[in-house]
Amino acid sequence: MIDSARMAAVDRNAVALGVAESKLMESAGNAVAGAVRDLAEPGASVTVVAGRGNNGGDAFVAARYLDDYEVEVILLGRPESIGSEVASENWDALQGADIETVTVPDSTGFALSDPDVVIDGLLGTGVTGAPREPERTAIEHINESSAGVVAVDVPSGMDVDTGEVADVAVHADRVVTFHDLKPGLEARNDVVVADIGIPAAAERFVGPGDLLQIERSPDSHKGDSGRVMVVGGGPYTGAPALAAQAALRAGADLAYLAVPESIADEVQGFSEDLIVEPLIGTRLVREHVEELLDRAEERDVVILGPGLGDASDTMDAVKRFLGSFDGRAVVDADALQVVPDVETGATLVCTPHRGEFRDMGGTDDEDWQVRSGGVAEFADALGHTLLVKGPYDVIANGTTTRVNRTGNPGMTVGGTGDVLAGATGALLATLDPVDAAAVGAYATGRAGDIVVEASGYGMLASDLLAALPRAMRGEDR
C-alpha cells in the first residue's frame, strides 16, 4: 500500500536511479491497453479522454497500443499546455501514428460519440478536491455513457488516499493503478495493480523524490515551519550551536538554545540568529527539568544531547526530562544512553552512530543489509524511530525501514552529527518521524557531498551549514 505523496517520491527516485520517465509511462500505458482488451474485442471503438498531466500521457501511450481498435483521443486543453515533456512527446507520437485526436479547450465543446470503451486519463493521483471545468463536464459525460470505463491510476474525481469524492467522480469498471495499491482503492474489487518497472531501490533508498515533502505553503507565517529548542552544552559549546544553526538552515523558523549560563555568551557568539536562553550553572542538572518542560510546551521539537557530556547528574536530568515529556524530540550524543531505560510518552528520533547504537543495546554488522534488519528489530522493541549513522545510514521505526547513501568519508570530522541532529529536528516539526530522519540524513549527506565536490576533503562541520539549503532544494552543487 502506498499513498499519493509517497508514490510521487518513489517515481522521482526511480528516475534518479536511471529509470527513464518515458519507460515508466510506456509500461503504464501498455498496462492500461491490456485492461481495455479484457473489456472489449478488437475492432471495438475506444475513446481516450485525457488531461494535460502525466495521467493523460499514460492514456496517450495506451492509445498507441490499441492499433486493432477504433481509437479516438480527446485532449482537454491545448497541446502546448501539456504539463510534462514526456507526456507532450507521447501526444506528438499520436500524430505520427495517425491516431485521430481532438482538442477541447473548454466544456462547451466536449462530446462523446457513443464508444464501446472510455479510457479515463483526466486527473491523476496528485489531484484532490472537486474537479474544475472542463474536467467536471467530461466526467459527467463519461458517467452518462453506456461505455465500459478503464481509469488510469485512479477514477478522476476520487481522492486516491481516502476514496472520498468531493463532487463527482468517474464510474470506472476497471482501475489500472501503478506499482502498488493506493489506500482509497483498497475496498474496490475492480483494481489491477500493474508493475511498471519501478525498482525496489526507489522505495528503500532515500532519494531526491523525498525532498518533495518539504515544500511549504505560500501562506506560511512565522513559526509554521517549526520552533526548535536545542538542550545541550556545558562541557562543549560548538555542538549545540551547530545543531541550532543547522535547524535554521533546514527550514525551522526559530531556534532556541537552552545552555548553561557559563557558556551562554560564547554560544550566542556563533550567530545572531540564535535565541539563547541560559540555565543557571555549568551543566544540565535535575533542577532544570521543570523549567525545560515549561519551555518545551511552547516549542515544536526539542533536540536533546549536543555537547551535554555524560556527567551522572546530567544523565539523571535527561532521564527525568524524557520521563515527563510528551512532545517530539531528536535525541543525540550522550543523551542516547538513557533512552532504553526510560519510559516516555514522547515521540523520539534517536540518531546514534554505530558505536552508540551498540552501547544502547543494538547489534551491528558490516553488511548494511544485515544491519538494517537489526536496526528495524531494535526500533520496534524500543518503540521509537532510529537513524543509525554510517556509510549507509539506516532509518527504521519497526514498520518502515529506509536507507540513505549520501555522504562521504570527509564527514567523519567532528560536529557533522550535530548538524544532522539539527536538520532532523527542523524536519520533525512538520514531517512524520521516519520521513524527518530520512530527509535529514539525505540532505546532510548531500550537503557533505556538495562541500567535498567543491573543496575536497578537510571540511569542517560548519561548512555543511551553507550547503544544507542547496541540498534540500536538490541542487548538485
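Up top is the structure these notes are about.
All residue numbers here refer to positions counted from 1 along the written sequence of the relevant chain. Side-chain atom pairs in this predicted model are given and counted only at pLDDT of 80 or more, local residue features only at pLDDT of at least 70, and totals for whole chains, interfaces and linings cover all residues. With hydrogens and water excluded, all non-hydrogen atoms of the structure serve as input to the side-chain values.

**Q** Would you mind showing me how to read the sheet that holds strand β15 (residues 393-396) here?
**A** We treat two strands as partners when DSSP finds at least two bridges between them. The helix and strand labels rest on DSSP assignments: H or I over at least four residues marks a helix, E over at least two residues marks a strand, and numbering proceeds from the N terminus. The strand order across the open sheet formed by nine strands is β10-β9-β8-β11-β12-β13-β14-β15-β16, and the pairing between neighbours is mixed. Strands with a single pairing partner mark the edges of an open sheet, and in this sheet they are β10 (275-279) and β16 (401-404). Neighbour-to-neighbour, the strand axes of the sheet open up by a mean angle of 20 degrees, direction not taken into account. As paired elements, strand β12 (residues 328-331) and strand β13 (residues 347-350) share four bridges and run parallel to each other. Across the sheet, residue Val 330 finds its bridge partner in β13, namely Val 349. Sitting on the sheet, helix α12 (residues 368-382) touches β14 (385-388), β15 and β16, and the angle it makes with β15 is about 35 degrees. As a rule, the C-alpha atoms of each element are fitted with a line to give its axis, helices using only the stretch in contact, and angles between N-to-C directions run from 0 to 180 degrees. Residue contacts are defined here by distance: any two heavy atoms, one from each residue, within 4.5 Å place the two residues in contact.

**Q** What is the right way to look at the packing of helix α9 (residues 289-296) against helix α10 (residues 312-324) in this model?
**A** A packed helix pair is summarised by two numbers, namely the angle formed by the two axes and the spacing between the axes. Where α9 meets α10, the axes come as close as 10 Å, and the angle between the chain directions of the two elements is 40 degrees. The angle between the axes of α9 and α10 places the two elements in the oblique class. The two elements α9 and α10 cross, and the hand of that crossing is right-handed. Residues Val 289, Leu 292, Leu 293 and Ala 296 of α9 lie in contact with α10, whose contacting residues are Ala 317, Arg 320, Phe 321 and Ser 324. Tallied by class, residues from the contact of α9 with α10 come to six nonpolar, one polar and one charged. Under this scheme an angle from 65 to 115 degrees is roughly perpendicular, one under 35 degrees roughly parallel, and one over 145 degrees roughly antiparallel; angles in between are oblique. Crossing handedness is read from the near helix: turned anticlockwise from the far helix by less than a right angle, it gives a left-handed crossing, and turned clockwise, a right-handed one. Each residue is assigned to one of three groups, with Ala, Val, Leu, Ile, Met, Phe, Trp, Tyr, Cys and Pro labelled nonpolar, Asp, Glu, Lys and Arg labelled charged, and all others, Gly among them, labelled polar.

**Q** What is the right way to read the environment of Ala 241 from this model?
**A** Looking at the element boundaries, Ala 241 is found in helix α7 (residues 238-249). Throughout, exposure labels follow a simple rule: accessible area from a 1.4 Å probe, protein chains only, divided by the maximum for the residue type, with under 20% read as buried, over 50% as exposed, and the rest as partly exposed. Since its relative accessible area comes to 0%, Ala 241 is described here as buried. Between the alpha carbons of Ala 241 and Met 411 there is a distance of 18 Å; along the sequence they are 170 residues apart. Not counting residues within four places of it along the chain, the set of residues in contact with Ala 241 comprises Leu 257, Val 267, Phe 270 and Leu 274.

**Q** What should I look at first to understand the sheet that holds strand β1 (residues 45-50) in this one?
**A** Strand pairing within a sheet occurs via backbone hydrogen bonds; the two strands may be parallel or antiparallel. Strand order in the open sheet formed by seven strands is β3-β2-β1-β4-β5-β6-β7, and the pairing between neighbours is parallel. Where the open sheet ends on each side, the last strands, each with one partner, are β3 (100-104) and β7 (191-194). Mean inter-strand twist for the sheet, computed between neighbouring axes without regard to direction, equals 20 degrees. Relative to strand β5 (residues 148-152), strand β4 (residues 117-121) runs parallel, the two sharing four bridges. Within β5, the residue paired with Ile 119 across the bridge is Val 150.

**Q** Explain the packing of aromatic side chains to me, please; I cannot follow it from the model alone.
**A** In this description, a pair of aromatic rings is defined by centroid distance and the angle of the planes. For Phe, Tyr and Trp, rings pair up if their centres lie within 6.5 Å, where Trp contributes its six-membered ring, and each pair is then called stacked (planes under 30 degrees apart), edge-to-face (over 60) or tilted (otherwise). Tallied over the full model, the rule gives six aromatic pairs. Ring geometry for Phe 205 versus Trp 368: centroids 5.4 Å apart, planes at 55 degrees, classification tilted. Residue Phe 205 is located in the loop between α6 (201-204) and β8 (227-231), and its partner Trp 368 is located in helix α12; the two are separated by 163 residues in the primary sequence. By the burial criterion, Phe 205 is buried, and Trp 368 matches it. Each residue in the set Phe 205, Trp 368 and Tyr 392 is aromatic and connected to the rest through ring pairs, giving one cluster. Looking at Arg 299, its charged tip hangs above the ring of Tyr 256, at a distance of 3.7 Å from the centre. A ring has a charge above it when a Lys NZ or an Arg CZ is no more than 6 Å from the ring centre and no more than 35 degrees off the ring normal. Cation over ring: Arg 405 sits above Phe 205, and NZ or CZ is 3.7 Å from the ring centre.

**Q** Hey, could you run me through the packing of α7 against helix α13 (residues 416-428) in this one?
**A** Look at α7 against α13: their axes get within 7 Å of each other, and the N-to-C directions meet at 40 degrees. As the angle between them shows, α7 and α13 are arranged oblique. With respect to the hand of their crossing, α7 and α13 are arranged in right-handed fashion. Contacts between α7 and α13 involve Ala 239, Leu 242, Ala 243, Ala 246 and Ala 247 from the former and Asp 418, Val 419, Gly 422, Ala 423 and Ala 426 from the latter. Looking at side-chain class alone, the contact of α7 with α13 contains eight nonpolar, one polar and one charged residues.

So yeah, pure geometry; function would need other evidence.
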